[in-house]
Amino acid sequence: ARKPRRTPPLCQDPPSAHSCAPECSAMPKAAYEDWGPGCSELSSLKSATDKALLDNTEERYKAGNIYTRSGRLLLAVNPYKKLPLYTDETLQAYKSSLAPQVELPPHVYAVAASAHSGMLQNSMSQSVIISGESGAGKTETAKILLEYLAEVSCSGSDLHKRVLKTNPIMESFGCAKTVWNNNSSRFGKFLTLQFSASGRMQGAFMKTYLLEKSRITSQLPGEQNYHVLYTVAKGLSSAQRTEFGLPKGSDAVESFKLLNLKKAGDVKWADFPCDFKELTEAFAVIPSLNDKQASCWRVIMAVLYLGNLSFTGQGEDDAKVKDPAVVAAVARLLSCETAQLEKAICTQNMKAGLDWISKPNTVAYASDVKNALTKALYSRLFDYIVEMVNVSLEKSGDEMRYFIGAVDIFGFECFPTNSLEQLCINFANEKLQKMFTQAVFESVLSEYQKEGIDVGDITYEDNKLLVELIDKPATGILSLLAEECFFPSGSDASWLQKIKSQHARHANFSEERLDRTAFTISHYPGKVTYQSTGFLEKNKDPLSQDLVVLMQFSDDDFVKTLFEEKQSTAMAGSVRRFKSAKFVGLIDGFRTSLNQLVKTLEATKTHFIRCVKPNMDKKPDNFVFDVMQRQLYTSGVVQAVQATRKGFPDHLPFAELLSRFELVVPKSATNKKGADGVRALLSSAGVSDKEFRIGKTKVFLGVGVLDQLEQRRMEYIASKVLSMQMLVRAYNARKRLKLLRDEKARAAKAKAEAEAAARAAEEAARKEREAAEATAARQREEHRRGLGTLSA
């Protein structure tokens, strides 16, 4: 493994770590080698102004470096396109690194690796809080985090496969297309991965929060229902389509009103987390769900058919089913009598003295009853699937010692009309923002306290008063809402009057003069106006008791299971009612679960991932300053960066300061060591006592002091470099002259040697010719003598 490299106090990352390095420009780098342009650590920027932060983020975003650190925070910009950042090679690099947060570029893998190693090294559970607005990429980020942890902590069984297969299931049932996001999570999730002391994954558990039920029966223009409704309607086999009574020769998705489509072509299947085949394969991996597939599809089809159920007449007219075939289809799918189902929707039983009488429902009321059943079926199916997933992932083997939790929570919301759902969602964000503020700011202050630095004059803002405004026992907005629901005569108007009287002087609360049914809360990202109409009804989340009984006596055991009365703690955000206790509404379960979540997170080491979107149009390569600036503020990134720079932002060990800046002061000022040496050096450099603090092992420098020291150091080095350049240039000139002379001498010598060789060769050739001529003469003479002897 590579040794961790120390991050310099000021940016920059090492030249070799940047994409502009000459030696690396010839070929693309792997993700774990590409630090990208600008500063990968925001707190290392020379300036913490809005423009500096935005310019740095934009520069990195355009280069494909969507991740940037700021202390304990990872900033992730949604690229709205695929990037080569998540290869097996990249994952293995972070897995094998001893200090990925230091020696490798910012990445979700680095956060996951830090959490896993921190759990083992410090014997402490960890949590990763992923937050951001809708469309910022929270769901994808959570998947990437989960993929790394499943890979690095494989238990030797198929547990990690089951954990990963929960993603397509939960996204199909809990995500939908919105105006901001094609795969928006419409529920909050806290997934805990449970580990043994050796770091092996032993199990997992999922907690969900506040599924958006209203989406099941109504969506805004341009939005869609939950993915699974489209997936099932489109993907059923021919036999299943016949069984469920789907029209032949037509696309099923066009047949159901709840799917909010004009034509089948409006569905962009590529944006879905999976198709029907992949969804069934994911179900097959979860043992407790594998044999329940047909039952789940049947309930989903009942939900779709309920959306098509309409009534004759309007308003206050008595409700009568317009198309009996539709209610018959629903009754068949839910295994109950058609007449009983129609009666339970179109009438209500009321007690008059000792007798029960049946009263016809109006068209408007019957529609509400039908919608309540539709939402109950889907939400109870959702809770059942979560429960079965947890059964499949429950821990096994060694005893669980620690866990790593991933919080994928809904982002802050502000619409033209905001109701109870938005208040609960924004309250959850306030609670998590309070955690983030305390963790980030207190970590800075604790560093000062650890080094014995006085921090009495350094403060930070939190949202404690705002959280109390919403959640304080007895007087909080949600507490008063729960109280109002308990009274038979309670109403939205009386509840609104109570909160106005109680919080009239609260800095974060204000009335709306032009709309007497509305109120405004100043949240940390900005003001949100809430419409009080419907708050009590939504909190009560009513469902006809006649329908509950009918479902409990269904001939289908699966439907019976969905409507069983659970005496134990219910799933997060669901309504619990007990015969011997007072009414418990939607917000009570949600508040209890949220408080438990915060308590759990506070007992862990927290890591933060802030997801942001570069534009509001879901377009790649489009960085909009106003959109990003707003998110950097509301997510706390700007405040976090400024917190590290407020007071004495640069912290250097004594030895590092002395060794680095001893050049800028006379040698007499560097004779001492430790705190005395630091004080002497800074004094000699002209730094006033107000601009630094001496701790036990570190010196804390005020804003700009380190920059000044660096500048003086560079000026000193530059002056010496000029002298060195003169010497080097003279040396190089003499060296070149010597080389030229030597080359000339070598050329002359070579020429003389060549001429001598030519003369020698010529002489040798002459002698060879003469010898040949002499030989030829001897042979002729001998031949002549031989002829004379023969003639004699």
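In the block above lies the structure referred to throughout.
From a predicted model like this one, the values you see are computed outputs, not experimental measurements.

A. Looking closely at the packing of aromatic side chains. Applying the stated rule across the entire model yields 23 aromatic pairs. Summarising the aromatic geometry, the rings of Trp495 and Phe519 are spaced 5.8 Å apart at their centres and angled 80 degrees between planes, so their arrangement reads as edge-to-face. Taken together, the residues span a long stretch of sequence, with Trp495 in helix α19 (residues 492-502) and Phe519 in strand β14 (residues 518-522) at a distance of 24 residues. You can call Trp495 buried: its relative accessible area is 0%. Between Phe623 and Phe625, the aromatic rings sit 5.6 Å apart at their centres with planes inclined by 80 degrees, giving edge-to-face as the arrangement. Since its relative accessible area comes to 31%, Phe625 is described here as partly exposed. One aromatic cluster is present, formed by Phe173, Tyr226, Phe276, Phe283, Trp297 and Tyr378 through successive ring pairs.

B. Structural view of the nonpolar core. In terms of nonpolar packing, the biggest core is built from 122 residues, with Phe173, Trp297, Met301 and Leu341 touching the most fellow members. Apart from the residues lying within four places of it in its own chain, the contact partners of Met301 are Val232, Leu236, Phe244, Leu246, Phe256 and Leu333. One finds Ala48, Ile477, Leu478 and Leu496 within the second-largest nonpolar core, a separate group that totals 65 residues.

C. Representation of the side chain of Gln194 in the model. Its location among the elements puts Gln194 in strand β6 (residues 188-195). Residue classification places Gln194 among the buried residues on the basis of a relative accessible area of 12%. Beyond its immediate chain neighbours, meaning those up to four positions away, Gln194 contacts Arg200, Met201, Gln202, Gly203, Ala204, Phe205, Lys395, Met400, Tyr402 and Phe403.

D. Representation of the sheet that holds strand β19 (residues 698-701) in the model. Strand order in this open sheet of three strands is β17-β19-β18, and the pairing throughout is antiparallel. The strands lining the two open edges of the sheet, one partner per strand, are β17 (650-653) and β18 (692-694). Neighbour-to-neighbour, the strand axes of this sheet turn through a mean angle of 20 degrees, independent of strand direction. This element, helix α26 (residues 654-661), spans β17, β18 and β19 of the sheet and lies at about 90 degrees to β17. Each of β18 and β19 touches helix α27 (residues 674-684); the most contacted strand, β18, lies at about 165 degrees to it.

E. Expanded view of the sheet that holds strand β15 (residues 527-531). Taken in spatial order, the three strands make up an open sheet running β13-β14-β15, and their pairing is antiparallel. On the outer flanks of this sheet lie β13 (509-511) and β15, each paired with one strand and no other. Between one strand axis and the next, the sheet turns through 25 degrees on average, direction left out of account. Inspection of the sheet shows β13 paired to β14 by three bridges, in the antiparallel sense.

F. Just the pairing of strand β16 (residues 605-612), in detail. Burial analysis of β16 places seven of its eight residues in the buried class, the great majority of the element. In terms of strand pairing, strand β2 (residues 73-77) meets β16 through five bridges, oriented parallel. Bridge assignment links Leu74 to a residue of β16, and that residue is Ile609.

G. Expanded view of the packing of helix α13 (residues 324-334) against helix α14 (residues 338-346). At a closest axis distance of 9 Å, the pairing of α13 and α14 adopts a crossing angle of 110 degrees. Viewed along their axes, α13 and α14 adopt a mutual orientation that is roughly perpendicular. As α13 packs across α14, the resulting crossing turns out to be right-handed. Of α14, the residues touching α13 (which contributes Val327, Ala328, Val330 and Ala331) are Thr338, Leu341 and Glu342.

Calculation notes
Residues numbered from 1 in each chain as written. Predicted model: local features only at pLDDT ≥ 70, side-chain atom pairs only at ≥ 80, totals over all residues. Heavy atoms only, no water. Phe/Tyr/Trp six-rings, centres within 6.5 Å; stacked < 30°, edge-to-face > 60°. Helix = DSSP H or I, 4+ residues; strand = E, 2+ residues; numbered from the N terminus. Buried < 20%, exposed > 50% of the residue type's maximum accessible area, 1.4 Å probe, protein only. Core = buried A, V, L, I, M, F, W, Y, C linked by side-chain atoms within 4.5 Å. Contact = heavy atoms within 4.5 Å. Pairing = 2+ DSSP bridges. Axes fitted to C-alpha atoms, helices over the stretch in contact; angles between N-to-C directions. Parallel < 35°, antiparallel > 145°, perpendicular 65-115°, else oblique. Left-handed = near helix turned anticlockwise from the far one by under 90°.

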